[in-house]
Amino acid sequence: MANFERRVLVLDSRYEPVKIVGLQTGFVLLYTDRASPVIDSPRIIRSISNAYTVPWIVRLQNCSPRNRKAAGPRFSRQNVYLRDGFRCQYCNWTGSLLNLTMDHLIPLARGGKTSWENIVTACKACNLRKGARTIEELGLRLPRMPVRPHFNSTALFALRYGLNSHNIPEAWNGYVDLSVSNRLNEHRILGRSDDLAGSGNSLILGQLPAVG
Ligand SMILES: [Zn+2]
């Protein structure tokens, strides 16, 4: 589990999270006046001549909020499952992630795309049953047609860094929306995501650049 205790949460001018950095980067941001402190920890680091308060949260001076409309979750297996509530969209089954797959509504072989609008979560049995046919041919009705999900940007931030209620430093609470990543974490805790780790299936966490 990621440890964030010695990390610094960096906010933009609207107090929305931008990134998580190491202590050293946090100090540099503060002492070059690129950021101002929001919440300090009680810890102090001393050099020979100075004492530095260790920051928990800093706010960038010149960071205007990013274009929130453009922000959306990356297309990935994990995010498709999240969007669909870890349920087969054909039979409503939910359970071990080992038994979930991604299914093309219009099959690949018939020109279907791998996109938010053409992929749904399906259990292995339904995926097999459906084969290379379309839902119309099978007379299937979906509870809702798939679309690109709209997790808000601070929920995406938590997902990107793997932050959840269990590992978030107390001081950061209230600055990050944990609702989506907690849902994912619940499935992990229930042992339902064995196939999400290291399967190479374009995982958010697997493709993150080194943090901090
Ligand atoms: Zn099913």
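Predicted model, so just to flag it, every value in this text is computed and none were measured.

Visitor: An account of the coordination of the zinc ion is needed here, citing residue identities and associated values.
Guide: Looking at the zinc ion, one finds its protein donor set to be C88 (SG), C91 (SG), C123 (SG) and C126 (SG), positioned 2.3 to 2.4 Å from the metal centre. If you look at the zinc ion, its 4 donor atoms make angles of 101 to 115° with each other, and the shape they trace is tetrahedral. Along the chain, the residues donating to the zinc ion are arranged with the sequence spacing C-x2-C-x31-C-x2-C. Here C91 is found in the loop between α2 (77–83) and β5 (100–104), whereas its partner C123 is found in strand β6 (residues 119–123), with 32 residues between them in sequence.

Visitor: Would you mind going over the pattern of salt bridges in detail, with residue names and values included?
Guide: Enumeration over the complete set of coordinates arrives at 3 salt bridges. Between R83 and D84 there is a salt bridge; the shortest N-O distance is 3.0 Å. The same class applies to R83 as to D84, namely buried.

Visitor: How would you summarise the nonpolar core if you had to cite specific residues and measurements?
Guide: Judged by nonpolar contacts, the single largest core of 14 residues is most densely connected at L9, I20, F157, L163, W172 and V176. Elements represented by at least two residues in this core include exactly β1 (7–11) and α5 (153–161). Among the elements that line this core, the one with the most residues is α5, at 3 residues. Look past the residues within four positions of F157 in its chain and what remains in contact with it is L9, P17, V18, K19, I20, L163 and V176. Formed by 13 residues, the second largest nonpolar core is a distinct cluster that contains L23, A35, L60 and C63.

Visitor: Can you explain α5? Please cite residues and give values.
Guide: Counting buried positions along α5 gives 8 out of 9 residues, so the element sits mostly inside the fold. Listed as buried for α5 are S153, T154, A155, L156, F157, A158, L159 and Y161. Once α5 finishes, G162 follows within two positions and takes phi at roughly 70°, a positive value.

Visitor: Any chance you could break down the side chain of N185 for me, citing the residues and the numbers?
Guide: Residue position: N185 is located in helix α6 (residues 179–189). Among the polar contacts listed, one links the side chain of N185 to the side chain of N164, at a separation of 3.5 Å. Once you skip the residues sitting within four places of it in the chain, N185 turns out to touch N164 and H166.

Visitor: Give a description of the sheet that holds strand β4 (residues 51–60) that names residues and reports values.
Guide: As summarised here, the arrangement of the 4 strands in space is β2-β1-β4-β3, forming an open sheet in which the pairing is mixed. Every interior strand has two partners, whereas the edge strands, β2 (17–22) and β3 (35–46), have only one. Averaged over all adjacent pairs, the angle separating strand axes in this sheet is 30°, with direction ignored. Here β1 pairs with β2 via 5 bridges, running antiparallel. Across the sheet, the residue bridging to R7 is G22, located in β2. Contacts from helix α1 (residues 23–31) reach β1, β2, β3 and β4 within the one sheet, and its direction differs from that of β4 by about 80°.

Cut-offs applied
Residues numbered from 1 in each chain as written. Predicted model: local features only at pLDDT ≥ 70, side-chain atom pairs only at ≥ 80, totals over all residues. Heavy atoms only, no water. Donors = N, O, S within 2.8 Å, 3.2 Å for Na, K, Ca; no water. Tetrahedral: all angles 85-135°; square planar, octahedral: opposite > 155°, others 65-115°. Helix = DSSP H or I, 4+ residues; strand = E, 2+ residues; numbered from the N terminus. Salt bridge = Lys/Arg side-chain N within 4 Å of Asp/Glu carboxyl O. Buried < 20%, exposed > 50% of the residue type's maximum accessible area, 1.4 Å probe, protein only. Core = buried A, V, L, I, M, F, W, Y, C linked by side-chain atoms within 4.5 Å. Contact = heavy atoms within 4.5 Å. Polar contact = N/O pair within 3.5 Å; in protein donor to acceptor, adjacent residues only side chain to side chain. Pairing = 2+ DSSP bridges. Axes fitted to C-alpha atoms, helices over the stretch in contact; angles between N-to-C directions.

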